[in-house]
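Architecture at a glance
Spelled out, the chains give:
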Amino acid sequence: MLLSSASDGILFQPGIIGTLVLIGIVLFVGALVIGARVQRMVDFLRRDRDPRLRRLVRDNDFQLRGDELGGTTPSHDERGLVERAVSEPDIPLVDEKKKVRQRLEVAPELRKAELWYLAAATGWLVFGTLVGQYVGMKFVWPDMDHVPWLSFGRLRPVHTNTVFWGWASLAMIGLGYFVVARTSANTIHSYRMAWRAWWLINLSLVSGNLLLMAGINNGGGEYREYIWPAMLPFAIGLWLTFRNFYRTVATRKIGEIYISNWYILAALVWTLVLATIGYLPWYQDGLGETVIQGYYMHQGVGMWFMTFTLGLLYYYLPSALNKPIYSYSLGVLAFWTQMLFYTMIGTHHFVFAPLPWWLQTVAIVFSAGMFIPVVAGTTNFLMTMRGSWSAIGNSYVLPFFLVAVVFYFVGSTQGSLQAFRFTNHVWHFTDFNVAHSHMTMYGIITFALWACVYAIVPRITGREPAQLLVGAHFWIAFIGLFAYMISLMAGGTIKGLMWIDSKPFIDSVTETQPYWIWRAIGGSLMFLSHLLFAWNFFVMARGKKEVEKAKAAETEMVLA
């Protein structure tokens, strides 16, 4: 298609240039991880061709005695088993592609609660993305069915609400229980309260989805399609969770409050306020509803999912690397600037809408202000990873963390660039917004949650999944997300330019169809990766009996 005057000079707009640069960063990170894996394979093949090493394998004589590097005498490694020895390693210990040798001592109640929260989250992830996969296929084959409860208008909110309130929320809370207890050197205030919240949140999801598929919803408010009786159990569950976390932190056994708890408690407070305002009946008409919708929609992503997940990263990332967070001060700066700027940017979804011009401008200015917490947080995480880059070739946990951190910078920065009036003019109401939402909710939140799960669950159960399947999960999800994201960005840009040129709407639909095919391909890869993750989690979670048997065997050996 030949684009007309609307596309003249588009590549010279700051928002467009910035977005292209950010896409290049994602490609660079993918190439970095691939290069690390290839280098590891090359090193392995070089060692395999070494005649001395082949002789050692044939002789089957390559067991360490245990004293090769012990004591103060010079080290002797006659069989060539030790490649390098240093007294002060530059690279900290990481969760390498090896079995976890040390199991964390965790209270059985805490282990059970965390695993059940994560199990429910995994189930909702599979269900929610199965619905999303079906909805995505409707873009390619719109006449797949004629059943009312399978229509696009009913299934689309089922998909979004399930992955929001089911997968991400339950996974965050489950992982948060471990963080709150560990960083407070304390036991959870009330496990009974934790279980009540678990039942209430799942009740909200079941009832809300059944009502949505029956055509009963809250209107057009995105991400708040559940009617208030269905959303009320979720809000009560959040209140119980906040009270549980707060009491645990308030009665902590140490003086300081670790920064993770700042983020986690702030996310719970903001979300309780958000849920209340979003469902108050006085703002559900006219432009007032539009303002509240922008506030609710963006706050739900930024002050619930993003803030809570950042709190998890501040614990699980340095824990996985076995080193402290790089800078406490940067963490404090990122926290308070996020609290300041994120609260006012929701209206940037309604630029050029019949809202006060000053309110739109404030949203754009505060969106630009988000560069401060994003750069501070990204710098903190990347500097924490400094010195651990070679571990990418040996670890699948670190690449999940790396992708989440990079997408935190890329997705958040791209959102700020998209708030500018020109880019909003081109991309608003197009498929580009769908790409952006997946860049953030999937590239940041979901990859971060997967990293945390793979980092902690083997440590509390003593069982790891097959690393081949973890690697397959990573690459299929990453490639699927990239295909999904780029196809909708390109298709959304073409659609926006056609609308600016006043082309017929149906022409933009026809022109976008090839990109929807790639959307379906990318979505299929992402769903396949979720099935792999579900199996990996099942393998990790069912390891309790095997761990108990191993501990019993070790005890018998000691007694003997």
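1. Details of the overall build of the protein
When its secondary structure is counted, the protein shows 17 helices and 0 strands. Relative to its 560 residues, the protein shows a buried fraction of 53%. In the protein, the share of contacts with a sequence separation of at least 24, taken over all contacts with a separation of at least 6, comes to 83%. Working note: accessible area of the protein is about 25800 Å², and carbon and sulfur atoms make up 66% of it.

2. What about the pattern of salt bridges?
For the structure on display, the rule yields 4 salt bridges. For the salt bridge of R156 with E222, the shortest nitrogen-to-oxygen distance reads 2.7 Å. Note that R156 is positioned in helix 4 (residues 152-183) and E222 in the loop between helix 5 (191-213) and helix 6 (228-250), a separation of 66 residues in sequence. Judged by its relative accessible area of 25%, R156 is partly exposed. As a salt-bridge pair, K495 and D431 come within 3.5 Å of each other at their nearest N and O atoms. Linking K495 in helix 15 (residues 467-500) with D431 in helix 14 (residues 431-461), this pair joins segments that are 64 residues apart in sequence. The class for D431 is buried, based on a relative accessible area of 8%.

3. A closer look at a nonpolar patch on the surface
A cluster of nonpolar side chains, contributed by F28, L32 and W389, occupies part of the molecular surface with about 310 Å² of accessible area. One can find F28 in helix 1 (residues 14-49).

4. Some thoughts on the packing of helix 7 (residues 259-279) against helix 8 (residues 286-321)
One can describe the packing of helix 7 onto helix 8 by two numbers: an axis separation of 8 Å at closest approach and a directional angle of 160 degrees. In this view, helix 7 runs roughly antiparallel relative to helix 8, as classed from their interaxial angle. Handedness of the crossing formed by helix 7 with helix 8: left-handed. Class assignment for the residues of the contact of helix 7 with helix 8 results in 20 nonpolar, 7 polar and no charged.

5. Concerning the packing of aromatic side chains
For the structure on display, the rule yields 47 aromatic pairs. Taking 5.5 Å as the distance between ring centres and 75 degrees as the angle between the ring planes, the aromatic pair formed by W262 and F335 counts as edge-to-face. Remark: F335 occurs in helix 9 (residues 328-341) and W262 occurs in helix 7; sequence separation between them is 73 residues. Using a relative accessible area of 25% as the deciding quantity, one classes W262 as partly exposed. With relative accessibility at 5%, the residue F335 sits in the buried group. A centroid spacing of 4.9 Å and a plane angle of 55 degrees characterise the contact between Y314 and F381, whose relative ring orientation is tilted. In this pair, Y314 is assigned in helix 8 and F381 in helix 11 (residues 371-385), connecting sequence segments 67 residues apart. Of the two residues, Y314 and F381, neither departs from the other in class, the shared state being buried. Grouping aromatic residues by their ring pairs yields a cluster made of W167, F400, Y442, F447, W450, Y454, F474, W475, F478 and F533.

6. Focus: the packing of helix 4 against helix 7
For the pair helix 4 and helix 7, interaxial distance at closest approach is 10 Å and the crossing angle is 135 degrees. Judged on the interaxial angle alone, helix 7 and helix 4 are oblique. Along this stretch, helix 4 crosses helix 7, giving a crossing that reads as left-handed. Residue-level inspection shows G176, V179, V180 and T183 of helix 4 in contact with helix 7, the latter providing S260, N261 and I264. The residue makeup of the contact of helix 4 with helix 7, split by class, is 3 nonpolar, 4 polar and no charged.

7. Let's talk about unusual backbone geometry
Although it is not a glycine, F352 sits at a positive phi angle of roughly 75 degrees. Mapped onto the secondary structure, F352 falls in the loop between helix 9 and helix 10 (357-369). The phi dihedral of S502 is positive, around 60 degrees, even though this residue is not glycine. As for its position among the elements, S502 is in the loop between helix 15 and helix 16 (505-541).

8. A word on the side chain of Q414
Relative to the assigned elements, Q414 resides in helix 12 (residues 397-418). By relative accessible area, which is 1% here, Q414 ends up buried. Residues in contact with Q414, not counting those within four places in the same chain, are T19, L22, W427, F432, H436 and M439.

9. A few points about the nonpolar core
Among the nonpolar cores identified, the biggest contains 149 residues, and W165, W304, L312, Y316, F401 and F447 are the most heavily contacted of them. For this core, the element with the most residues is helix 14, which contributes 20 residues. For F447, the contacting residues outside a window of four places in its chain are F400, V403, A404, Y442, F474, A477, F478 and L481.

10. Some points on helix 7
The end-to-end C-alpha separation of helix 7 is 31 Å, in line with the 30 Å expected for 21 residues at 1.5 Å each. Of all 21 residues in helix 7, 15 are buried; the element is thus mostly enclosed.

11. So, the environment of M231
Along the chain, the position of M231 falls in helix 6. Residue class for M231 comes out buried when judged on its relative accessible area of 6%. Spatially, the C-alpha atom of M231 lies 7.2 Å from that of G208, the residues being 23 residues apart in sequence. Once residues lying within four places of it in the same chain are set aside, the contact partners of M231 are W165, S204, Y226, Y279 and Y296.

12. Some thoughts on the environment of A119
Turning to its location among the elements, A119 is positioned in helix 3 (residues 108-140). The partly exposed category is assigned to A119, whose relative accessible area is 35%. Sequence-wise, A119 and F537 are 418 residues apart; in three dimensions their C-alpha atoms are separated by 7.8 Å.

13. Notes on the confidence of the model for the protein
Residues with a pLDDT of 70 or more make up 82% of the protein, whose mean pLDDT is 84. Least confident of the elements in the protein is helix 17 (residues 544-559), whose mean pLDDT is 46; most confident is helix 5, at 97. Predicted confidence for residues 56-60 stays below pLDDT 50, and this span has 3 contacts to residues more than four positions away or in other chains. Note on residues 86-99: pLDDT is under 50 here. Beyond four places in sequence and across chains, it has 31 contacts.

14. Side note on the side chain of H298
Here H298 lies in helix 8. Judged by relative accessible area, H298 falls into the buried class, the value being 11%. Each residue touching H298, except ones within four places of it in the same chain, is listed here: Y342, I345, G346, H348 and H349.

What counts and how
- Residues numbered from 1 in each chain as written.
- Predicted model: local features only at pLDDT ≥ 70, side-chain atom pairs only at ≥ 80, totals over all residues.
- Heavy atoms only, no water.
- Helix = DSSP H or I, 4+ residues; strand = E, 2+ residues; numbered from the N terminus.
- Buried < 20%, exposed > 50% of the residue type's maximum accessible area, 1.4 Å probe, protein only.
- Contact = heavy atoms within 4.5 Å.
- Areas by Shrake-Rupley, 256 points an atom, 1.4 Å probe, with all protein chains shown as cover.
- Salt bridge = Lys/Arg side-chain N within 4 Å of Asp/Glu carboxyl O.
- Patch = residues over 30% accessible without salt bridge, like charges linked within 9 Å, V, L, I, M, F, W, Y side chains within 5 Å.
- Axes fitted to C-alpha atoms, helices over the stretch in contact; angles between N-to-C directions.
- Parallel < 35°, antiparallel > 145°, perpendicular 65-115°, else oblique.
- Left-handed = near helix turned anticlockwise from the far one by under 90°.
- Nonpolar A, V, L, I, M, F, W, Y, C, P; charged D, E, K, R; others polar.
- Phe/Tyr/Trp six-rings, centres within 6.5 Å; stacked < 30°, edge-to-face > 60°.
- Core = buried A, V, L, I, M, F, W, Y, C linked by side-chain atoms within 4.5 Å.
- Expected span 1.5 Å × (residues − 1).
- pLDDT = per-residue confidence, 0-100.

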